[in-house]
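# Structural overview for review
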Amino acid sequence: MSIDPIDPREASAAAILLLDHVAAAERAGHRRLRAAADHFHLPDEARIDDRTAAQLGEVMRATVVGVDAAVRDHAIRLLTARGHAALAQGLRIAGSPFDRVVGAGLFRDPALFGELFARVRLDAIAHGLPMMVAGDGPTMVARLAQSSDRLVAAAAVAMLAAQARRGSVVEGIPAAVELARPLHARMAWWVAAALRDMAGAGEQIALLDAALAESVRRAIEPQAELVPLEIAAMRLAQAIEPQGDEVSALLAGAIGDGRLILFTALVARASGLAFERVRDLVIDTDGARLWVVLRALAVDRATIARIGFALAEAEPVRDVEGFADRIDVIMEVTPDAARIALAPMALDTDYHAAMLALGSAA
């Protein structure tokens, strides 16, 4: 048996590749093991169900696709106009940056993940709410769009437009990116960095960097940013400025129309709490904090019952029998006592987060 001699240079190159592969496999194995351990030790209440995880993945992908389209297309136009056709072509044929930014940990950012997760949860609950609009009459927001108060009417029209934009998904057309400027900017820079790696610019990397940077800055310019649905809802709530007895009727109307984002905005405006903080209470299946907020607003028993049963119908995981048993206790909480209990939630967001972190670490 004879063995053909191997060129030492080829053997060396092959050995280096093998060792590199082993090192990469070792790191990948460590990441998988750590992820498996994290998942195993998650308490049941912290686990994301498969449906929510799938919807969250779709929202993440659509958002990255929207940012990618805005940044990439403009950079290609810049490079072409500047006479760098080869660079433009390299950027044009580069694959999607989604897997790369996900693998690098973009969505591990608590603010970005929290925003998209909360949107998915709120949307899922809203879709499950029983519709309570009488007959074929217009919804509450449609009626507000016809208000004699021009500020209210304009805000309602803007919210309807934002809702339509958020709800329309056309295959092949990138989704509109509706994120607050800091989150939009973070995602745009990450996408640009991923495109930089995939475009194969070589020694012309500085030219590509310049085009991508200019494209990112253009994408996140305030005037180019669409108004997110959440902000449109808050503007409508501010225009309505619910007072006293109006609060209960408006909340019941928003729930009855399935407008959970508007419901959240109305609670936030009336209570003085941040939209994001109220949204966290609405998506919390326990519900206790939401009921106390509503009592702080002096919401009546019938409205709280209507809201509680609607949320339970939207999400069967909620304990509807427990809620029915607890409603008497909820109504025993006076508005003054509720406001005192909720005072820490009205503090600065970072201050409140630090309080919670220290409390959970004790």
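If you're wondering where the values come from, they're calculated on a predicted model, not measured in any experiment.

## Some details on the overall build of the protein chain
Within the protein chain one finds 18 helices and zero strands. By the burial criterion, 38% of the 362 residues in the protein chain qualify as buried. Here the analysis covers contacts within the protein chain between residues at least 6 apart in sequence; of these, 75% occur between residues at least 24 apart. About 20500 Å² of surface is accessible on the protein chain, with carbon and sulfur atoms providing 58% of the total.

## Brief notes about helix α3 (residues 85-93)
Because an α-helix completes one turn every 3.6 residues, residues spaced three or four positions apart along the sequence face the same direction. Buried within α3 we find L87, A88, G90 and L91. Buried residues along α3 cover an arc of 160 degrees about the axis, so they all sit on one side. What points out from α3, more than 90 degrees from its buried face, is the exposed set A85, A86 and I93. Elements that come into contact with the buried residues of α3 comprise α2 (50-81), α8 (181-198) and α9 (205-219).

## Digging into the nonpolar core
Across soluble globular proteins, nonpolar side chains show a tendency to be buried alongside one another. By size, the foremost hydrophobic cluster in this structure holds 58 residues, and its most contacted members are L236, L251, L260, F263, L266, W291 and L294. Ranked by residue count, the leading element in this core is helix α12 (residues 260-271), at eight residues. Setting aside anything within four residues of it in sequence, one finds L266 in contact with M140, A237, I240, P242, L250, L251 and A254. If you look at the next biggest cluster of nonpolar residues, it comprises 36 residues, including L112, A192, A201 and V216.

## A few points about the confidence of the model for the protein chain
In the predicted model, the protein chain carries a mean pLDDT of 85, and 83% of its residues have values of at least 70. Predicted confidence for residues 169-173 stays below pLDDT 50, and this span has zero contacts to residues more than four positions away or in other chains.

## Notes on unusual backbone geometry
One non-glycine residue with positive phi stands out, namely E241, at about 50 degrees. For E241, the location among the structural elements is in the loop between α10 (229-240) and α11 (246-256). Of note in the backbone geometry, A298 takes a positive phi value of approximately 60 degrees without being a glycine. Its location among the elements puts A298 in the loop between α14 (288-296) and α15 (301-314). Among the residues examined, A298 registers a relative accessible area of 46% and is labelled partly exposed.

## Notes on α2
The end-to-end C-alpha distance of α2, which contains 32 residues, comes to 46 Å, matching closely the 46 Å that a straight helix rising 1.5 Å per residue would cover. Here α2 starts with a cap whose side-chain oxygen sits 3.1 Å from the backbone nitrogen of R51, and that cap is D49. Positive phi shows up at G83, right after α2, with a value of about 85 degrees.

## Digging into the packing of aromatic side chains
The full count for this structure, using the stated rule, is three aromatic pairs. Between F113 and F117, the aromatic rings sit 5.8 Å apart at their centres with planes inclined by 10 degrees, giving stacked as the arrangement. A residue pair is termed a helical-turn pair when its members lie 3 or 4 positions apart in one helix, as F113 and F117 do in helix α5 (residues 110-128) at four residues. A centroid spacing of 4.9 Å and a plane angle of 45 degrees characterise the contact between W291 and F323, whose relative ring orientation is tilted.

## Section: the side chain of R121
Within the secondary structure layout, R121 lies in helix α5. Among the polar contacts listed, one links the side chain of R121 to the side chain of E315, at a separation of 2.5 Å. Not counting residues within four places of it along the chain, the set of residues in contact with R121 comprises T52, I283, T285 and E315.

## Here we look at the packing of α14 against α15
With their axes 11 Å apart at the nearest point, α14 and α15 run at an angle of 155 degrees to one another. In terms of their interaxial angle, α14 and α15 are classed as roughly antiparallel. Here the hand of the crossing between α14 and α15 comes out right-handed. Here L290, W291, L294 and R295 of α14 lie close against α15, whose contacting residues are I304, I307, G308 and L311. Considering only residue class, the contact of α14 with α15 consists of six nonpolar, one polar and one charged.

## With respect to the environment of I340
Among the structural elements, I340 can be located in helix α17 (residues 335-342). As a C-alpha pair, I340 and A296 span 44 residues in sequence and 8.7 Å in three-dimensional space.

## Some remarks on the packing of α2 against α5
Taken N-terminus to C-terminus, the directions of α2 and α5 make an angle of 125 degrees; their axes are 10 Å apart at the nearest point. Relative to α5, the element α2 lies oblique. Remark: the crossing between α2 and α5 carries right-handed chirality. In this structure, α2 uses T52, Q55, L56, V59, M60 and T63 to contact α5, whose residues at the interface are F113, L116, F117, V120, R121 and A124.

## Description of a nonpolar patch on the surface
A surface patch of nonpolar side chains, amounting to about 280 Å² of accessible area, comprises L347, Y351 and M355. For M355, a relative accessible area of 34% corresponds to the partly exposed category.

## What about the environment of L251?
Position of L251 relative to the elements: it lies in helix α11. In this structure the C-alpha to C-alpha distance between L251 and T264, which are 13 residues apart in sequence, comes to 8.7 Å. The contact partners of L251, leaving out residues within four places of it in the chain, are F263, L266, V267, L294, V299 and I307.

Calculation notes
Residues numbered from 1 in each chain as written. Predicted model: local features only at pLDDT ≥ 70, side-chain atom pairs only at ≥ 80, totals over all residues. Heavy atoms only, no water. Helix = DSSP H or I, 4+ residues; strand = E, 2+ residues; numbered from the N terminus. Buried < 20%, exposed > 50% of the residue type's maximum accessible area, 1.4 Å probe, protein only. Contact = heavy atoms within 4.5 Å. Areas by Shrake-Rupley, 256 points an atom, 1.4 Å probe, with all protein chains shown as cover. Arc of directions from axis to C-beta. Core = buried A, V, L, I, M, F, W, Y, C linked by side-chain atoms within 4.5 Å. pLDDT = per-residue confidence, 0-100. Expected span 1.5 Å × (residues − 1). Polar contact = N/O pair within 3.5 Å; in protein donor to acceptor, adjacent residues only side chain to side chain. Phe/Tyr/Trp six-rings, centres within 6.5 Å; stacked < 30°, edge-to-face > 60°. Axes fitted to C-alpha atoms, helices over the stretch in contact; angles between N-to-C directions. Parallel < 35°, antiparallel > 145°, perpendicular 65-115°, else oblique. Left-handed = near helix turned anticlockwise from the far one by under 90°. Nonpolar A, V, L, I, M, F, W, Y, C, P; charged D, E, K, R; others polar. Patch = residues over 30% accessible without salt bridge, like charges linked within 9 Å, V, L, I, M, F, W, Y side chains within 5 Å. Salt bridge = Lys/Arg side-chain N within 4 Å of Asp/Glu carboxyl O.

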